[in-house]
Amino acid sequence: MSDNSILSKFVRWLASPEVFGSITKKIPGEWELFEYYVDLQEDLIHLKENDLKNNNESLKIEFGEDEHLLVKARLPMSVFNDIENGSWSVHRNFITFMDSSDFRNNIEFQFAFEKNNLKLLKKDRLGKIEFFGFFKTQN
């Protein structure tokens, strides 16, 4: 795994106009995770579709047209643990998963589309990648 290539892809994505010009009309529907990155301590871990299958990991997100949200996660990280059912909203290139029972469980991601795939990025306060996932539509 080459950290330079991963980092350069990430930097190009952040600098691209697609980050700021994503179309929210593309969001509603079912999305399935097929690849993701997570920063564990000093290592950037990259898992692809085969790795997800082999590890029995999955993440499906359903964005309703009425802004209803369903999350079905089976991942070894806590990012999605606190929200299964709620709502979603978009402001610019950020999407927020809102927990109707406890606002402290809300999760904000930066998002973009590339080749009809949805990208979700969540970083902590220090800029460490908590989750950077690539989703394909199930519609």
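Here the structure is a predicted model, which means the values were calculated and not measured.

Asker: What should I look at first to understand the pattern of salt bridges in this one?
Answerer: As a working rule, side chains carrying opposite charge can pair if their charged atoms are close by. Scanning the entire structure with this criterion turns up four salt bridges. A salt bridge links Glu-114 to Lys-119, with the nearest nitrogen and oxygen atoms 3.2 Å apart. Taking relative accessible area as the criterion, Glu-114 reaches 35% and is therefore assigned partly exposed. Take Lys-119: its relative accessible area is 5%, and that puts it in the buried class. Lys-122 is the salt-bridge partner of Glu-130, the closest N and O atoms lying 3.8 Å from each other. Given the relative accessible area of 18%, Lys-122 is considered buried.

Asker: What should I look at first to understand the environment of Phe-97 in this one?
Answerer: Structurally, Phe-97 is set in strand E6 (residues 94-98). We classify Phe-97 as buried; its relative accessible area is 0%. With 29 residues separating them in the primary sequence, Phe-97 and His-68 have C-alpha atoms 9.5 Å apart.

Rules behind the numbers
- Residues numbered from 1 in each chain as written.
- Predicted model: local features only at pLDDT ≥ 70, side-chain atom pairs only at ≥ 80, totals over all residues.
- Heavy atoms only, no water.
- Salt bridge = Lys/Arg side-chain N within 4 Å of Asp/Glu carboxyl O.
- Buried < 20%, exposed > 50% of the residue type's maximum accessible area, 1.4 Å probe, protein only.
- Helix = DSSP H or I, 4+ residues; strand = E, 2+ residues; numbered from the N terminus.

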